[in-house]
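Residues per chain, in single letters:
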Amino acid sequence: MIGLELVEIAHGYGVGERRVEVLHDVSLRVEPGELVALAGPSGSGKSTVCHLAAGIERPDCGTASLDGRPTVETADWSLVAVVPQQHGLLAGLTVEDNIALPAHRTGVDPAEALVRLASALDLTAFGRRSVTETSLGEQQRVAIARALILDPRLAVLDEPTGHQDDDHVSQVIGALADAARAGSAVLVATHDQRVWEVAHRVVRLEDGRVLA
Ligand SMILES: Nc1ncnc2c1ncn2[C@@H]1O[C@H](COP(=O)(O)OP(=O)(O)OP(=O)(O)O)[C@@H](O)[C@H]1O
């Protein structure tokens, strides 16, 4: 078990008068097989929690760990995979090559998972197209497929339905629920009530604190 553990995290940005304290004493756990939604008003700190959970940043105080190991030391996408708000796709690559990138880097054959995820997320028709020739919603689904291609131990997704219409929201939610069923710990920062409805738990942040 174990999975993701954030323990008594405090985090902020800047120095001196420009210092902003963003998170205060945030503790949160996502077990393998669990889909947890992180809700809260704009500016409450959801993206900051995602960055720390995914190991993109190291917390000022407290710990962010996966199975007991700090996520900031985990560069392996089969362990921690992330969908940032800006998607982070490689512009020079096709849709398929972006999705398969974590597999290619680790020597895993992506063929079966690529077909499955492209179909589940309605990406099959333009797999060979450059990502620069796709819509923002399509790019977001490419980033989600890329995050899930190695069945990661932990997937962290920041507003993964933000650019989707209703049908594609259902597909994204289905893919995240499938990932959790397959054993991933899934943390989703989202304003989208449709994600809250399928999540095992909804954790609410306000002013950088977890509401009881
Ligand atoms: N690099 C940074 N430097 C300074 N302040 C920052 C930085 N990143 C975030 N902040 C501030 O931290 C607070 C929390 O931001 P964060 O992006 O985590 O919120 P959020 O809940 O994800 O918001 P949204 O729902 O609008 O995406 C905000 O007040 C934001 O202005």
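Residues numbered from 1 in each chain as written. Predicted model: local features only at pLDDT ≥ 70, side-chain atom pairs only at ≥ 80, totals over all residues. Heavy atoms only, no water.

You'll find the protein chain entered in an unreviewed UniProt entry as ATP-binding cassette domain-containing protein, with Nocardioides endophyticus given as the organism.

Asker: How would you sum up the site of the ligand? Please name residues and give values.
Answerer: Surrounding the ligand, one finds Tyr13, Val22, Pro41, Ser42, Gly43, Ser44, Gly45, Lys46, Ser47, Thr48, Gln85 and His191. Side-chain polar atom of Lys46 to an oxygen atom of the ligand: 2.8 Å apart, as the coordinates give it. Here an oxygen atom of the ligand sits 3.1 Å away from a polar atom, N or O, in the side chain of His191. Protein burial of the ligand: of its 640 Å² of free accessible surface, 59% is covered by the chains. Sort the elements by how many residues they give to the shell around the ligand and helix H1 (residues 46–54) lands first, with three residues. Its residues assigned to classes, the shell around the ligand comprises three nonpolar, eight polar and one charged. (Near = heavy atom within 4 Å. Polar contact = N/O pair within 3.5 Å; in protein donor to acceptor, adjacent residues only side chain to side chain. Areas by Shrake-Rupley, 256 points an atom, 1.4 Å probe, with all protein chains shown as cover. Helix = DSSP H or I, 4+ residues; strand = E, 2+ residues; numbered from the N terminus. Nonpolar A, V, L, I, M, F, W, Y, C, P; charged D, E, K, R; others polar.)

Asker: Please provide a residue-by-residue account of the pattern of salt bridges, values included.
Answerer: One pass over the structure, following the stated rule, counts eleven salt bridges. Shared partners join several salt bridges into a network, and the residues in it are Glu5, Arg29 and Glu31. (Salt bridge = Lys/Arg side-chain N within 4 Å of Asp/Glu carboxyl O.)

Asker: Account for the UniProt feature "domain: ABC transporter" (unreviewed entry) in the protein chain, naming residues and giving values.
Answerer: If you check UniProt for "domain: ABC transporter" (unreviewed entry), the listed places come out as residues 4–211 in our numbering. Summarising residues 4–211: 32% helix, 27% strand, and an end-to-end C-alpha distance of 19 Å. (UniProt positions renumbered as here; feature names shortened; annotations may be inferred.)

Asker: Give me the sheet that holds strand S7 (residues 154–158): which residues, what numbers.
Answerer: What the six strands build is an open sheet, ordered S6-S7-S8-S3-S9-S10; its pairing is mixed. Among the strands making up the open sheet, the edge pair consists of strand S6 (80–83) and strand S10 (209–210). In the sheet, strand S9 (residues 201–206) pairs with S10 via two bridges, with the strands oriented antiparallel. Pairing of Leu205 across the sheet is with Val210, part of S10. Sheet strands touched by H1: strand S3 (35–39), S6, S7, strand S8 (185–189) and S9. Its angle to S7, the strand with the most contacts, is close to 155 degrees. In the packing of helix H4 (residues 136–148) onto the sheet, contacts are made with S6 and S7, and the angle to S6 comes to roughly 175 degrees. (Pairing = 2+ DSSP bridges. Contact = heavy atoms within 4.5 Å. Axes fitted to C-alpha atoms, helices over the stretch in contact; angles between N-to-C directions.)

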